[in-house]
Amino acid sequence: MNTATRVLLTAVLCTAAVACSKKVKEVPPADTGPSTGVVDQGATTSGVYGPGDLDTDACLRQRVVYFDFDQDALRPEFQAAMACHAKYLRDRPSSRMTLEGNADERGSREYNLGLGERRGNAVSSALQANGGSGSQITVVSYGEERPTCTDSSEDCWAKNRRVEIVYTAK
Amino acid sequence: MKASLRLFAAFVAFLLPLAALAQERGLEIDIVGGNASALPIAVVPMPYQGSAAAPETDVAEVVRADLARSGQFRALPVGDMVEKPARGGEIQFPTWRLLKQDFIVVGHVLDAGAGSYRVEYELFDVAKQERLLGFAMTARSSAMRDVAHQMADAIYEKILGVRGAFWTRIAYVTAVGTGKGAKYALMVADSDGYNPQTVVRSPEPLLSPSWSPDGRKLAYVSFERGNSSIYIQDIGTGSRELVASFRGINGAPSFSPDGRRLALTLSRSGNPEIYVMDLGSKALTQVTKQFGIDTEPTWSADGGTLYFTSDRGGRPQIYQVAASGGAASRVTFQGSYNASATVSYDGKKIAVAQGSGNVYRIALLDRSLGSPRWSTLSPGSLDESPSFAPNASMVLYAAREGRRGVLYAVSADGRVRQRLVLADGDVREPAWGPYRSQR
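Residues numbered from 1 in each chain as written. Chains lettered and ligands numbered in written order. Predicted model: local features only at pLDDT ≥ 70, side-chain atom pairs only at ≥ 80, totals over all residues.

Draft legend 1. Quick peek at the environment of D155 of chain A. Residues and elements named next belong to chain A. As for its placement among the helices and strands, D155 is situated in helix α6 (residues 154–160). C-beta crowding within 10 Å serves as the criterion here: with 8 such atoms nearby, D155 is assigned to the exposed category. Sequence separation of D155 and A83 is 72 residues, and the distance between their C-alpha atoms is 27 Å. (Helix = DSSP H or I, 4+ residues; strand = E, 2+ residues; numbered from the N terminus. Buried ≥ 20, exposed ≤ 12 C-beta atoms within 10 Å, placed from the backbone.)

Spelled out as structure tokens, the structure:
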């Protein structure tokens with residue numbers, strides 16, 4: 001039944017997408033007056049994201065969310081990214097993402113596993129608040145085990161306090 | 001004191017090349033700092049008096065290094081020994097009084113047949129000219145370091161009245177390379193870093209090794225399945241069992257003192273909580289239920305209490321709770337960040353990683369004197385993962401030097417630190433194992 005639903009959904013979406021693109025050719029999209037910043041950033045003229053947009057769309061290409069020290073609160077500058085990734089999840093119900101939570105090297109490794117998970121959950125919540133489905137999202141915490149930068153400096157720590165958005169199904 | 005320190009350093013420098021020849025080892029060791037009130041002891045070289053090949057291990061040297069490392073003893077450099085008696089009857093006590101030695105250890109090595117050796121040794125009180133110990137031990141050539149560590153344990157206990165912990169092992173994680181090409185290994189070595197043995201290798205991070213109380217198994221966290229999961233591995237046979245691989249975090253395993261239960265952290269409920277797993281049935285009992293990160297459980301020696309890290313009050317602090325569950329109470333009140341508790345066998349001392357700003361040090365909370373007293377055991381700046389020796393005389397911990405991790409063992413009074421460095425790569429996540437013989 002689940003698969004049936006998914007097939008149906010996909011079918012509906014496909015026709016919708018085709019219909020959309022046809023319409024777009026006739027009437028240029030009203031770029032001037034969208035209510036959210038999300039649509040602004042959406043590069044697709046159709047208004048519906050496709051897998052190709054992950055590599056080309058400026059907003060979707062933003063796949064790393066950074067955090068303040070010992071914090072899991074989402075900084076305001078990442079709201080736009082949350083909105084466009086949530087839209088992608090909505091537009092493509094078959095897509096799946098893993099949120100990889102990370103911490104800087106300071107403090108206990110096990111506590112940092114918890115902190116990394118909290119950050120992953122914060123991003124997951126933000127995506128769901130923007131309409132993404134929780135069933136499309138998996139959170140994994142690597143704590144401080146996967147640094148992108150290995151100096152003991154604030155610059156480096158700031159780069160490591162992050163959640164990476166990894167699409168496991170586009 | 002400065003001169004004695006320099007002498008000490010010279011002595012260590014003299015020993016190192018010899019030690020390198022003696023046997024393979026994974027960790028380089030040097031000693032930082034000294035203790036003016038340490039007891040002077042002369043461990044005289046113990047000649048081989050057999051007729052076959054001499055053993056590779058210099059037994060007296062291993063004993064000397066053990067005692068010096070403890071911070072409780074100041075070992076007389078061999079170069080200062082004007083006489084080298086090999087038996088109690090050969091000791092000229094005035095000589096050793098003149099050298100200001102409180103104690104002297106003499107001995108010799110004999111053949112015991114079939115490639116084995118017999119070490120006979122005696123410990124004397126120099127002032128009283130009294131024999132405190134006289135023992136003989138027999139072992140194969142490959143076990144001579146074990147013999148020496150047991151000798152050091154016996155000498156330590158006879159003089160200080162506290163069981164020695166030299167004949168023990170340590171576990172630690174090594175990491176070579178970074179990023180995708182990184183290689184991790186869980187290692188076990190003698191307490192002085194010799195005889196390193198690989199327990200498991202992984203291309204994914206390994207952390208948080210915990211010894212079973214019989215010293216035969218290690219529980220640890222591995223990311224080899226993508227997410228964190230907990231394994232228990234038999235060190236001798238290499239066989240292992242996956243015990244926790246739930247959704248979310250599977251972390252911070254810790255064997256109960258009776259070895260039948262495993263405390264661990266799971267976030268399968270959506271939030272990291274402490275659980276206790278019955279290792280026979282694998283049944284889980286949830287111990288904490290609190291909004292906040294609860295992790296790093298560690299047992300009191302009687303198995304009745306769990307100490308753990310929690311940020312339920314805002315920042316991470318150490319709390320304690322009955323192992324059966326119930327209300328938790330806060331243990332640490334000094335410092336804005338206290339984590340990774342290790343508890344002494346008698347429950348009186350708790351060592352933690354204590355953070356203040358960007359500086360993390362190992363700090364010791366002593367609760368034996370009524371009002372709790374704090375002392376700092378390490379200089380920082382990114383020190384973590386403290387682990388008590390089974391006799392609580394020393395604390396092993398991890399530090400960062402530049403881009404790599406090193407281990408230190410510091411005496412519980414903070415006076416003597418010993419650095420254990422891997423030739424290439426990172427060393428981290430140390431865990432001091434239990435005594436190797438049960439009493």
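Moving on, there is more to tell.
Draft legend 2. Expanded view of the pairing of strand β24 (residues 359–366) of chain B. All names here are of chain B. Within β24, 6 of the 8 residues are buried, leaving the element largely enclosed by the surrounding structure. In this structure, strand β23 (residues 349–356) lies alongside β24, joined through 8 bridges in antiparallel fashion. Paired with A351 across the bridge in β24 is L364. Where β23 folds back onto β24 in an antiparallel hairpin, the turn is made up of 2 residues, including G357, whose phi is positive at roughly 60 degrees. (Pairing = 2+ DSSP bridges.)

Draft legend 3. Broad picture of the interface of chain B and chain A. Of the residues lining the interface, 31 residues belong to chain B; the matching set on chain A comes to 16 residues. Listing elements by their share of the side of chain B that touches chain A, those giving two or more residues are β10 (206–211), β12 (227–234), β14 (250–255), β18 (294–299), β22 (337–343) and β23 of chain B. It is β22 of chain B that provides the largest number of residues to the side of chain B that touches chain A, a total of 3 residues. (Contact = placed C-beta atoms within 7 Å.)

Draft legend 4. Region of the structure containing the environment of L207 of chain B. Relative to the elements of secondary structure, L207 of chain B occurs in strand β10. Spatially, the C-alpha atom of L207 of chain B lies 22 Å from that of T288 of chain B, the residues being 81 residues apart in sequence. In this structure, L207 of chain B is in contact with R109 and E145 of chain A together with V173, Y220, V221 and E429 of chain B, ignoring residues within four places of it in sequence.

Draft legend 5. Structural view of helix α5 (residues 109–129) of chain A. Residues and elements named next belong to chain A. In a regular helix each residue adds 1.5 Å, so 21 residues correspond to 30 Å; α5 covers 30 Å between its end C-alpha atoms and thus fits that length. Burial runs high along α5: 18 of the 21 residues are buried. Remark: G131 follows α5 within two positions and exhibits a positive phi of approximately 105 degrees. (Expected span 1.5 Å × (residues − 1).)

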